[in-house]
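Here are the chains, one letter per residue:
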Amino acid sequence: MYRPLRLSWKFVRITLFVAICVFPALAYYVLLKPPVFEARSLILFALGREYIYVPDAIGTGSKAPNPGDFQGVVNAEMLLLDNPELSREALEAVGVDRVYPGLPNSEDAIRQAVLWFQESTTVELITGSYVVKVTVRHLDPDLAAELTNKLTEAFLDRRQKLYTAREAASLQIRLQAATSQEMEINSEISELLDGLDPLFIATDLEKTSEDQANLSRLMRESRTTLAALEARRDLFATRLGVEERLLMTELATREEQARLDYIERSMVENRLKMKRLSRLMPALRPLTELQRQQAERIAGLKLRLRDSQALSGADIQGNVRVIEAAVSPLRSSSASLKVQLAIVGIVSLLAGMSTAGLSALLRSTEPIASPSINLTDGPISGVEQTDQPQTTGKRRSEFSRRRAAM
């Protein structure tokens, strides 16, 4: 048999005693604990030009970018803020002895300081946005703000060096490939035109076409004039006394015939020249178009390379920038003294109740000692029936049940 666990005055006394003993110790710890200040900085990640759609240029080797999921990019960028090297740079920029006074100047101590600094730093993404919040906790509000700003500056410097160096190297490779392709195109054009300028060929073809049209017009006029002179010559040949005029007409006819022959020869030469140039143009036009596109591509790559080199030496944040720098917090991030004392009181009461409950539970597990009673068919042996105390009906019924069990 075990005693039932119940709330008694002894339970209340133990609870109050333990709570009164625990409360001063916890209150003393809370009163002596210095307040902790938390400084924050906000970093905005915006879509960069790598997320702008660029269609594929056929024949140039230029491909549209595949940036992937921007949310994943931001999460990956957040891992850079948790880099121990960045934490060490921020600590050394502020001063390890200022942040953690009394720390020895050794490599192990600096590593321990970096671990403490990382434990007091929180990096989280604000829900529903691409804004990252960086917070640093410290006993000194000015040092908390300074550490936060130095950490974000180290992150931006590391990111700028990483991306500008990678972009510059990529642009250098692409520029070399584009220059090599341009040299190949120029070699094909030079071999096709025997060293002549493509612009000269195009201009010459255009001029030859114009000359052919002019020669055709002159030939028509010359044939008309020649036909008129021949008719006049035939008329003068049938008359008398016009020998002089006949001679002049004959001379004019011969001159016009010579002029017509010259025009016909020129047209034949022009036609041959046009055929030769016309055979070159179908092969020349694609090459000149590729040459033009390649020249534009090289000019664009050179411009981007120059901008990338300029950005690498400038203090420009690009599509990642700090929208709120850390300032010294005016209030501590710890709870107020009243709230802390209330929590201490609740913890003290819980400790007292736990102790009292454990004590009551241990007492309830002790068995209750019961006297041994020998029951027979008749009265209890060794005792006069008249001398037995009167038992209650409950005890008699219990004895009856025991006798029946035996």
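What comes next concerns the included structure. All figures in this text were calculated on a predicted structure; none of them were measured in a lab. (Residues numbered from 1 in each chain as written. Predicted model: local features only at pLDDT ≥ 70, side-chain atom pairs only at ≥ 80, totals over all residues. Heavy atoms only, no water.)

### Thoughts on the side chain of His138
Thinking step 1. Here His138 lies in strand E3 (residues 131-138).
Thinking step 2. One polar contact links the side chain of His138 to the main-chain carbonyl oxygen of Val99, over a distance of 2.9 Å.
Thinking step 3. Looking at His138, its side chain comes within polar contact range of the main-chain nitrogen of Asp140, at 3.0 Å.
Thinking step 4. Once residues within four sequence positions are removed from consideration, His138 is found in contact with Val36, Phe37, Val99, Leu143, Ala144 and Leu147. (Helix = DSSP H or I, 4+ residues; strand = E, 2+ residues; numbered from the N terminus. Polar contact = N/O pair within 3.5 Å; in protein donor to acceptor, adjacent residues only side chain to side chain. Contact = heavy atoms within 4.5 Å.)

### Structural notes on helix H5 (residues 107-119)
Thinking step 1. For H5, with 13 residues, the first-to-last C-alpha span of 19 Å sits near the 18 Å given by 1.5 Å per residue.
Thinking step 2. Burial in H5 covers these residues: Ala109, Ile110, Ala113, Val114 and Phe117. What you see down the axis of H5 is that its buried residues fit within an arc of 145°, all on one side. Exposed positions of H5 whose direction lies more than 90 degrees from the buried face are Asp108, Arg111 and Glu119. (Expected span 1.5 Å × (residues − 1). Buried < 20%, exposed > 50% of the residue type's maximum accessible area, 1.4 Å probe, protein only. Arc of directions from axis to C-beta.)

### Some details on the pattern of salt bridges
Thinking step 1. In total, this model carries 19 salt bridges according to the counting rule given.
Thinking step 2. Glu324 serves as the salt-bridge partner of Arg40, at 3.3 Å between the closest nitrogen and oxygen. With Arg40 in strand E1 (residues 37-45) and Glu324 in strand E4 (residues 320-324), this residue pair connects regions lying 284 residues apart in the sequence.
Thinking step 3. Residue Glu153 pairs with Lys150 through a salt bridge whose shortest N-O separation is 3.8 Å. Residue Glu153 and its partner Lys150 are both found in helix H6 (residues 141-193); the two are separated by three residues, about one turn of the helix.
Thinking step 4. Via salt bridges that share partners, Arg88, Glu92, Glu107 and Arg111 belong to a single interconnected network. (Salt bridge = Lys/Arg side-chain N within 4 Å of Asp/Glu carboxyl O.)

### Here's the deal with a positive patch on the surface
Thinking step 1. Positive charge collects at one region of the surface, where Arg271, Lys275, Arg276 and Arg279 lie side by side.
Thinking step 2. Among the secondary structure elements, Arg276 is positioned in helix H8 (residues 243-312). (Patch = residues over 30% accessible without salt bridge, like charges linked within 9 Å, V, L, I, M, F, W, Y side chains within 5 Å. Areas by Shrake-Rupley, 256 points an atom, 1.4 Å probe, with all protein chains shown as cover. Lys, Arg positive; Asp, Glu negative; His and termini not counted. Charge placed at Lys NZ, Arg CZ, Asp CG, Glu CD.)

### What to know about the environment of Pro34
Thinking step 1. Note on placement: Pro34 falls in the loop between helix H1 (9-32) and E1.
Thinking step 2. Here the alpha-carbon distance between Pro34 and Leu139, two residues 105 residues apart in the chain, equals 7.1 Å.

### Concerning the packing of aromatic side chains
Thinking step 1. Here the structure, examined in full by the defined rule, presents two aromatic pairs.
Thinking step 2. Considering the side-chain rings of Phe45 and Phe155, the 6.3 Å spacing of their centres and the 55° angle between planes classify their relative orientation as tilted. Here the residue Phe45 occupies a position in strand E1, and Phe155 occupies one in helix H6, the gap between them amounting to 110 residues. In terms of burial, Phe45 and Phe155 fall into one category: buried.
Thinking step 3. Ring geometry for Tyr100 versus Trp116: centroids 5.3 Å apart, planes at 65°, classification edge-to-face. With Tyr100 in the loop between helix H4 (96-99) and H5 and Trp116 in helix H5, this pair connects stretches of sequence that are 16 residues apart.
Thinking step 4. Under the relative-accessibility criterion, Tyr100 is labelled buried at 15%.
Thinking step 5. By relative accessible area, which is 33% here, Trp116 ends up partly exposed. (Phe/Tyr/Trp six-rings, centres within 6.5 Å; stacked < 30°, edge-to-face > 60°.)

### Structural notes on helix H3 (residues 84-94)
Structural remark: α-helix, 3.6 residues per turn; residues separated by three or four positions point the same way.
Thinking step 1. Of the positions making up H3, those classed as buried are Leu86, Ser87, Ala90, Leu91 and Val94. Taken around the axis of H3, the buried residues stretch over an arc of 135°, which confines them to a single face.
Thinking step 2. Taking the backbone nitrogen of Glu85 as reference, a side-chain oxygen 3.1 Å away marks Asn83 as the first, capping residue of H3.
Thinking step 3. Just beyond H3, the residue with positive phi is Gly95, at close to 115°.

### Describing the sheet that holds E3
Thinking step 1. In space, the four strands of this open sheet follow the order E2-E3-E1-E4, with antiparallel pairing throughout. Since the sheet does not close on itself, it has two edges, and those belong to strand E2 (121-125) and E4, each with one partner. With direction set aside, neighbouring strand axes in the sheet form an average angle of 25°.
Thinking step 2. Alignment of E2 against E3, held across five bridges, turns out to be antiparallel. Paired with Glu124 across the strands is Lys133, a residue of E3. (Pairing = 2+ DSSP bridges. Axes fitted to C-alpha atoms, helices over the stretch in contact; angles between N-to-C directions.)

### Observations concerning the environment of Pro84
Thinking step 1. Examined against the element boundaries, Pro84 turns out to sit in helix H3.
Thinking step 2. As a C-alpha pair, Pro84 and Gln118 span 34 residues in sequence and 7.7 Å in three-dimensional space.
Thinking step 3. In this view, Pro84 contacts Val114 and Gln118; residues no more than four positions away in its chain are not counted.

### Observations concerning the pairing of E3
Thinking step 1. Across the eight residues that make up E3, a large majority, six, are buried.
Thinking step 2. Of the pairings in the sheet, the one linking E1 to E3 comprises eight bridges and is antiparallel in character. Of the residues in E3, the one forming a bridge with Glu38 is Arg137.
Thinking step 3. Linking two consecutive strands that pair antiparallel, namely E2 and E3, is a turn of five residues; a positive phi of about 80° is found at Gly128 within it.

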